[in-house]
Amino acid sequence: MGMSRIAFLSFSVLLVLSGAARAELPKNYQIILQTDNFPPFNMGPNHKNFARGDEVLGIATDTVREIFKRAGIDYSLTLRSPWDRIYSQTLADAGHGLFSVTRTVQNEGQFKWVGPLARYESVLLAAADTRVDLSTLMQAKGLQIGVQKSSGVSQYLESQGLRPTDSLSEEENLRKLLSGRLDLWATADPVWRYHVREHGAEGIKPVLNLRAEDLYLALHKDTPDEAVERLQRALNEVIGEGYAGCSKTPDLCYLIRDRKAP
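Below is a short write-up of the structure. Just so you know, the residues in each chain are numbered from 1, in the order the chain's sequence is written. Given that the model is predicted, a residue must reach a pLDDT of at least 70 before its local features are reported, and side-chain atom pairs must reach 80 or more before they are shown or counted; all residues, however, enter totals for whole chains, interfaces and linings. Side-chain numbers come from the whole structure's heavy atoms, not from hydrogens or water.

**A closer look at the overall build of the chain**
And step 1. Per the convention used, a helix needs a DSSP run of H or I reaching at least four residues, while a strand needs a run of E reaching at least two, with both numbered from the N terminus. The helix and strand inventory of the chain stands at 7 helices and 9 strands.
And step 2. For the chain, the C-alpha atoms occupy an extent of roughly 85 × 35 × 35 Å along the three principal directions.
And step 3. Long-range contacts, defined here as pairs at least 24 residues apart, represent 70% of the contacts in the chain between residues at least 6 apart.
And step 4. Residues scored as positive are Lys and Arg, those scored as negative are Asp and Glu, and His as well as the terminal groups of each chain are ignored. Here the site of a charge means atom NZ of a Lys, CZ of an Arg, CG of an Asp or CD of a Glu. Distance from the positive charge centre (31 side chains) to the negative charge centre (32 side chains) of the chain: 2 Å. The contact criterion used is simple: two residues touch if any of their non-hydrogen atoms lie within 4.5 Å.

Structure representation (structure tokens):
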């Protein structure tokens, strides 16, 4: 009996040790993070389309920094555009991560996920002189709707049978809307308000609220599970602390108010 107990304890210790060995990340492990100008979630100084490290701002960026710190995982961070390019790069290149990404039916199996970081409302917008009266999304069929390529809003519209017009940036969609080349602009609220204010555009108006969307950190499929689990545990802690992650911008706390740990 004594020997059996000793053997059992030894076996248990080996299991624990082997589990710890499997959980250990490679030496000098680092994730290459990218994002784009998606204010107020992530943005460059003065809304520039390129920034690195501490220059990258935003409520989602603050949360991402905090969870990497708590998880003890190193990273590099670059803000660049266009979104479609860095989205495709994250799909293709091991060691890469991207935020703020909407998790959709189309991309669910393409990444490993950590979230939610924040939440937004997707909307359809019209120019001031446009007479569009919508009560359902299906009424927008046949209209020219501009979207940012590879965005969550774009994927949602396509899943509903619409064929939106891709642009490489939200600024391009705004210009097309103002010039009459688009009937509607599908994007995120409050992101569109920042672009409208930056470009001095007036009279842009929401004509239909689509749905609420969560934003995530999307990691390449080869990211070690240990890294994903550490980051998710750290985020769960942050979410459990309430408004942690928006202390620098209390007016934006509503964007993380409804996020819940999975």
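There is more to say after this.
**Quick notes on helix α4 (residues 152-159)**
And step 1. With respect to burial, α4 is a largely interior element, 6 of its 8 residues being buried.
And step 2. Burial here depends on accessible area, computed with a 1.4 Å probe over protein chains only, as a share of the maximum for the residue type. Under 20% is buried, over 50% is exposed, and the range in between is partly exposed. Buried residues of α4: G152, V153, S154, Q155, Y156 and L157, and no others.
And step 3. Phi turns positive one or two residues past the end of α4, at G161, with a value near 90 degrees.

**Some words on the pairing of strand β3 (residues 74-79)**
And step 1. In this sheet, β3 lies alongside strand β1 (residues 30-35) in parallel orientation, the contact comprising 6 bridges. Along β3, the bridge assignment pairs L33 with L77.
And step 2. If DSSP finds at least two bridges between two strands, the strands pair. In this structure, strand β2 (residues 51-52) lies alongside β3, joined through 2 bridges in antiparallel fashion. Counted as the bridge partner of R52 is T78 from β3.

**Side note on the packing of aromatic side chains**
And step 1. What counts as a ring pair is set by centres within 6.5 Å for rings of Phe, Tyr and Trp (its six-membered ring), and what kind of pair is set by the plane angle: stacked under 30 degrees, edge-to-face over 60, tilted for all other angles. A complete count under the given rule lists 8 aromatic pairs for this structure.
And step 2. Both rings, one in F68 and one in Y75, keep their centres 5.0 Å apart while their planes meet at 55 degrees; by these two values the pair is tilted.
And step 3. Owing to a relative accessible area of 24%, Y75 belongs among the partly exposed residues under this scheme.
And step 4. Note on Y87 and F111: the rings are 5.5 Å apart at their centroids and 80 degrees apart in plane angle, and the pair reads as edge-to-face. Taken together, the residues span a long stretch of sequence, with Y87 in helix α3 (residues 83-92) and F111 in the loop between β4 (96-102) and β5 (112-126) at a distance of 24 residues.
And step 5. Taken together, the ring pairs in this structure connect W83, Y87, F111, W113 and Y216 into an aromatic cluster.
And step 6. Both a distance and an angle decide whether a charge sits over a ring: NZ of Lys or CZ of Arg must be within 6 Å of the ring centre and within 35 degrees of the ring normal. We note R103 situated over the ring of Y216; from NZ or CZ to the ring centre the distance is 5.2 Å.

**Overview of helix α6 (residues 191-198)**
And step 1. Taken together, the buried positions of α6 are V191, W192, Y194, H195 and V196.
And step 2. Looking at the buried positions of α6, the neighbouring elements they touch are β5, α5 (170-179), β8 (184-189) and β9 (205-219).
And step 3. In the stretch just after α6, G200 is the one whose phi turns positive, near 65 degrees.

**What about the nonpolar core?**
And step 1. Grouped together as the largest cluster of nonpolar side chains are 56 residues, with contacts concentrated most on F41, F68, I73, L124, L157, L217 and L231.
And step 2. It is helix α7 (residues 225-240) that contributes the most residues to this core, 7 residues altogether.
And step 3. When near neighbours in sequence (up to four residues on either side) are disregarded, L217 contacts L33, F68, G97, L98, F99, K112, W113, V114, L117 and L231. Definition of nonpolar core: a set of buried residues of the types Ala, Val, Leu, Ile, Met, Phe, Trp, Tyr and Cys, connected through side-chain atoms within 4.5 Å.

**Focus: the packing of helix α2 (residues 59-71) against α7**
Geometrically, a packed helix pair is captured by the angle between its two axes and the distance between the axes.
And step 1. Simply put, an axis is a line fit to the C-alpha atoms, just over the touching stretch for a helix, and the angle between two N-to-C directions goes from 0 to 180 degrees. Across the interface, α2 lies against α7 with an axial gap of 8 Å and an inter-helix angle of 120 degrees. Comparing their axes, α7 and α2 come out oblique. When you trace α2 past α7, the crossing you get is right-handed. Residue-level contacts link T63, E66, I67, F68, R70 and A71 of α2 to R230, L231, A234, L235, E237 and V238 of α7.
And step 2. Its residues assigned to classes, the contact of α2 with α7 comprises 7 nonpolar, 1 polar and 4 charged. The scheme is simple: roughly parallel for angles under 35 degrees, roughly antiparallel for over 145, roughly perpendicular for 65 to 115, oblique for anything else. Crossing handedness is read from the near helix: turned anticlockwise from the far helix by less than a right angle, it gives a left-handed crossing, and turned clockwise, a right-handed one. Residues are grouped as follows: Ala, Val, Leu, Ile, Met, Phe, Trp, Tyr, Cys and Pro are nonpolar; Asp, Glu, Lys and Arg are charged; every other residue, Gly included, is polar.

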